Amino acid sequence: MKTFLADIMAIFVGDAQADRIVPPTGFTARLTLFASGAMAFLAVFALALSLASGRLAQRWGQELAQSSTLRISAPVEQLAAQTAAALKVLETTPGVAEARALTAEEQRALLAPWFGPDLPVENLPIPQLISIEETSGGYDAAGLRLRLQAEVPGAILDDHTRWRKPLQQAASRLRLLGFVSIILIAAVTGTIITLAANAALAANARLIAVLRLVGAQDSYIAKAFVRRFTLRALSGAAVGTVVGLIAVLILPSAQDQGGFLTGLGFQGASWLWLVLLPILAAVVAFLATGAAARRTLSELR
Amino acid sequence: MIELDNIAYSYGGGELLSEVNLSIQPGDFYFLTGPSGAGKTTFMKLCYGELTPTSGQARLFGQDVRSMSRDDHAVTRRRIGVVHQDCQFLDHLPLADNVALPLAVSGRDDLENVSNLKELLGWVGLKERAKALPPELSGGERQRAALARAVIMSPDIILADEPTGNVDWEMSQRLLQLLLELNRMGKTVMIATHDMNLIRAAKSKVQARVLRIANRHVQLAGADL
Ligand SMILES: Nc1ncnc2c1ncn2[C@@H]1O[C@H](COP(=O)(O)OP(=O)(O)O)[C@@H](O)[C@H]1O
Ligand SMILES: [Mg+2]
C-alpha cells in the first residue's frame with residue numbers, strides 16, 4: 001500500500017525527462033481523454049440518479065412509518081358505538097401496533113385552519129378519526145377493509161402512504177442500479193484504457209527496445225506509460241465531470257415537492273462524490289496501464 | 001569480466017557459432033573480424049547478454065547469463081557500453097537527450113552528470129549539434145553520438161559494432177582515436193570491423209588482439225596481418 005501511494009505520488013511529481021522519452025502518441029492520447037471524459041460525464045448522471053433516488057427512498061420510507069387513519073362517518077348517535085367497534089377490530093388486527101381515537105380537541109385543531117377555532121365540533125356531523133400506528137411488518141389493508149365493512153359500515157380506511165411502498169422499493173432499487181452503473185462505467189473505462197495502453201505499448205515497441213538496450217528497468221518504462229495514461233484519465237474525467245455537472249445544474253430547479261425528476265442534483269456531502277469521479281478514473285487508469293505494461297514488458301526478451 | 005565457456009549459438013537453423021571460449025580481462029583491446037554475416041553482431045549480443053547461448057555458459061561480471069533476471073540485465077547494460085551497428089537512437093529526442101538516455105533511465109541525470117554530458121559532447125566534437133534530431137545527423141555524427149552514449153555511464157567495457165561502417169577514412173581514424181583514449185583510461189574495448197586498414201592503424205598504437213570468426217569458430221588471429 002505504501003509503495004502504491006508512493007507510485008501515485010510519483011505520477012504527480014513526475015520527471016520531465018521521462019515524460020519526453022515516450023513520444024505523445026496522438027491517437028491513444030485522444031482515445032484515453034475522450035473515453036475517460038465521456039465515462040465521467042455518464043457517471044455524473046448515474047451518481048445524480050443514485051443520490052436522488054436514495055434521498056427519495058429515505059423520505060418516503062420515513063413517511064411510511066407514520067400512521068394511517070380510519071375515518072368513521074355515521075349518524076351522531078351511532079358514532080361512539082361504531083368507534084368502539086372499529087377500535088376492537090383494529091386491536092385484533094395483526095400488524096397494527098396502536099390504534100387511538102382522536103379527541104375532540106385534536107379534531108378541532110386539525111380543522112381549525114379551515115373553519116376557525118370556534119367550531120362546535122360536538123354538534124356537527126363530523127367524522128371520527130382513529131389514528132393507526134403500524135408495526136414494521138404493516139397490516140393487510142384489504143383484509144382489514146373487509147372486516148371493517150362487515151362490522152363498522154361507516155369506516156373508511158385511508159392508508160394514503162401505502163401506495164408509496166412499491167415506489168419506495170423502486171427508488172431503492174434505482175439507487176442500487178445507479179451504483180452498479182458507476183461500477184460498470186469504471187470497468188468499461190478500465191477496458192478502454194487497457195486497450196489504448198496496449199496500442200501505445202505496441203506502437204512504441206522500438207522505443208521500449210532502445211530503453212532496454214541502454215539499461216532501463218521495466219519499472220522505469222512502465223512508469224513512463226502509466227504516468228501518461230493516469231494524467232490523461234484524470235484530466236479527461238475532470239472535464240467530463242464538470243460538463244456533466246453543468247448539465248445537471250441547468251435542469252429545471254427543484255421545488256420542495258418537486259418529486260423525482262427535478263430532484264436530480266447534489267446536496268451537502270454528496271458533492272464529495274463528484275470530486276471522487278476523476279480520482280476514480282485516475283486510479284482505474286493507473287491500475288489498468290500498470291497491468292498492461294507489466295504484461296507487455298514481461299513478454300519481451 | 002566477460003567469460004564465454006564453450007558456448008554455441010543458433011537462431012534456429014544450424015549453429016552460427018560453436019565452441020567459443022573467451023575470457024575478456026580489464027584493459028584488453030580486441031578486434032573482432034570476419035566477413036559480413038559471419039556472426040560478429042551475434043557474438044557482441046552474446047557478450048552483453050542480449051542473446052543467451054544455446055549451449056555453454058556465458059558469465060557477465062561473474063554472473064551466469066541464464067540466471068540473470070530482467071532487472072539484472074538492465075543493470076549489467078549500464079556497465080557495458082555498446083555502440084550498436086544501427087546506432088539505435090530515439091528519433092524524436094535531440095542528440096543531447098539521446099546521449100544522456102542511459103543517465104535518465106538509471107535515475108542519474110543529476111546536475112553533475114549533465115555538465116559531464118557537455119564535456120563528453122565536446123570530446124566527440126558534437127557540441128554544436130546537441131539540439132539536432134538523429135535523422136538530421138550525418139553517418140559520422142551518428143557514430144560519434146552512439147559512442148558518446150555508450151561511454152556516458154562510464155562503463156567498464158565498450159563494445160563497438162562496426163563503428164566505422166559508413167564513415168570515411170578520416171572519420172574512422174577519429175573514432176579509433178577516441179576508442180584508443182578510452183582504452184588508455186583503463187576501459188576494455190572490443191571493436192567489430194571488417195576494415196583491415198583500421199586494425200593495422202590501431203596495431204601500431206595499442207596491444208590489440210584480433211579475433212576472427214571463420215567456420216563458426218572464433219579464433220585468435222596470429223600476429224601476421
Ligand atoms: N534475429 C535473427 N534471426 C535469425 N537470423 C539472424 C538474426 N540475426 C542475424 N541472423 C543471421 O545470423 C547471421 C549472422 O548475422 P550477424 O551476427 O549480424 O553477422 P555480422 O554482424 O557478422 O554481419 C546472418 O546470416 C544473419 O542472417
Ligand atoms: Mg553486424
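Predicted model, so just to flag it, every value in this text is computed and none were measured. (Residues numbered from 1 in each chain as written. Chains lettered and ligands numbered in written order. Predicted model: local features only at pLDDT ≥ 70, side-chain atom pairs only at ≥ 80, totals over all residues. Heavy atoms only, no water.)

A word on the nonpolar core
Residue and element names in this part refer to chain B.
Part 1 of the reasoning: One finds Phe29, Phe31, Val99, Leu121, Leu147, Leu176 and Leu179 to be the most contacted residues of the largest nonpolar core, which totals 46 residues.
Part 2 of the reasoning: The residues touching Phe31, leaving out its near neighbours within four places in the chain, are Leu176, Ile191, Thr193, Leu198, Ile199, Ala202, Ala208, Arg209, Val210 and Leu211.
Part 3 of the reasoning: Within the second largest apolar cluster, 32 residues are counted, among which are Ile24, Met44, Ile157 and Val218. (Core = buried A, V, L, I, M, F, W, Y, C linked by side-chain atoms within 4.5 Å. Buried < 20%, exposed > 50% of the residue type's maximum accessible area, 1.4 Å probe, protein only. Contact = heavy atoms within 4.5 Å.)

Some words on the packing of aromatic side chains
Aromatic rings in a pair are described by how distant their centres are and how their planes are angled relative to each other.
Part 1 of the reasoning: Considering all chains together, one arrives at 4 aromatic pairs over all chains under this definition.
Part 2 of the reasoning: Their ring planes at 70° and their centres at 5.2 Å tell us that Phe41 of chain A and Phe45 of chain A sit as a pair that is edge-to-face. Of the two residues, Phe41 of chain A and Phe45 of chain A both sit in helix α3 (residues 26-64), 4 residues apart, roughly one turn of that helix.
Part 3 of the reasoning: Positioned above the aromatic ring of Phe61 of chain B, the side-chain terminus of Arg79 of chain B is 3.8 Å from the ring centre. (Phe/Tyr/Trp six-rings, centres within 6.5 Å; stacked < 30°, edge-to-face > 60°. Helix = DSSP H or I, 4+ residues; strand = E, 2+ residues; numbered from the N terminus. Lys NZ or Arg CZ within 6 Å of the ring centre and 35° of its normal.)

Examining the coordination of the magnesium ion (ligand 2)
All names here are of chain B.
Part 1 of the reasoning: Protein-derived ligands of the magnesium ion (ligand 2) are Thr41 (OG1) and Gln85 (OE1), with the metal-ligand distances lying across 1.9 to 2.2 Å. Here Thr41, found in helix α1 (residues 40-47), pairs with Gln85, found in the loop between β6 (80-83) and α3 (95-99); they are 44 residues apart in sequence, far enough to count as distant.
Part 2 of the reasoning: Judged by its relative accessible area of 37%, Gln85 is partly exposed. (Donors = N, O, S within 2.8 Å, 3.2 Å for Na, K, Ca; no water.)

With respect to the side chain of Thr32 of chain A
Part 1 of the reasoning: Take Thr32 of chain A: it is sitting in helix α3.
Part 2 of the reasoning: Ignoring anything within four residues of it in the chain, the contact list for Thr32 of chain A reads Ile193, Ala196, Phe229, Arg232 and Ala233 of chain A.

Overview of the domain arrangement of chain B
Where interface size is given, it is often the accessible area lost as the parts come together that is meant.
Residues and elements named next belong to chain B.
Part 1 of the reasoning: For chain B, the assigned domains are domain 1 (1-79 + 156-225) and domain 2 (91-154).
Part 2 of the reasoning: Taken residue by residue, the interface counts 15 residues in domain 1 and 13 residues in domain 2.
Part 3 of the reasoning: Where domain 1 meets domain 2, there are 0 salt bridges.
Part 4 of the reasoning: Remark: the boundary between domain 1 and domain 2 carries 2 residue pairs in polar contact (both at pLDDT 80 or more).
Part 5 of the reasoning: Ranked by residues supplied to the side of domain 1 that touches domain 2, first place goes to helix α7 (residues 169-184) with 7 residues.
Part 6 of the reasoning: Tallied by class, residues from the side of domain 1 that touches domain 2 come to 8 nonpolar, 1 polar and 6 charged. (Domains from an automatic or database assignment. Salt bridge = Lys/Arg side-chain N within 4 Å of Asp/Glu carboxyl O. Polar contact = N/O pair within 3.5 Å; in protein donor to acceptor, adjacent residues only side chain to side chain. Nonpolar A, V, L, I, M, F, W, Y, C, P; charged D, E, K, R; others polar.)

A word on the sheet that holds β6 of chain B
Residues and elements named next belong to chain B.
Part 1 of the reasoning: Across the sheet, which stays open at both edges, the 6 strands sit in the order β6-β7-β8-β3-β9-β10 with mixed pairing between neighbours. Pairing within the sheet leaves two strands with one partner each, and these edge strands are β6 and β10 (217-220). Each strand of the sheet is rotated relative to its neighbour by a mean of 20°, with strand direction disregarded.
Part 2 of the reasoning: As judged from the 4 bridges shared by strand β9 (residues 209-214) and β10, these two strands associate in the antiparallel manner. If you follow Ala214 over to β10, its bridge partner there is His217.
Part 3 of the reasoning: Against the sheet, helix α8 (residues 196-203) contacts β3 (29-33) and β9, and its axis sits at roughly 165° relative to β3. (Pairing = 2+ DSSP bridges. Axes fitted to C-alpha atoms, helices over the stretch in contact; angles between N-to-C directions.)

A word on the site of ligand 1
Residues and elements named next belong to chain B.
Part 1 of the reasoning: Around ligand 1, the neighbouring residues are Tyr11, Leu16, Pro35, Ser36, Gly37, Ala38, Gly39, Lys40, Thr41 and Thr42.
Part 2 of the reasoning: Gly37 places a main-chain nitrogen or oxygen 2.8 Å from an oxygen atom of ligand 1.
Part 3 of the reasoning: Within the backbone of Lys40, an N or O atom sits 2.7 Å from an oxygen atom of ligand 1.
Part 4 of the reasoning: In the complex, 54% of the free accessible area of ligand 1, which totals 560 Å², lies under the protein chains.
Part 5 of the reasoning: Taken together, the residues that form the shell around ligand 1 break down as 4 nonpolar, 5 polar and 1 charged. (Near = heavy atom within 4 Å. Areas by Shrake-Rupley, 256 points an atom, 1.4 Å probe, with all protein chains shown as cover.)

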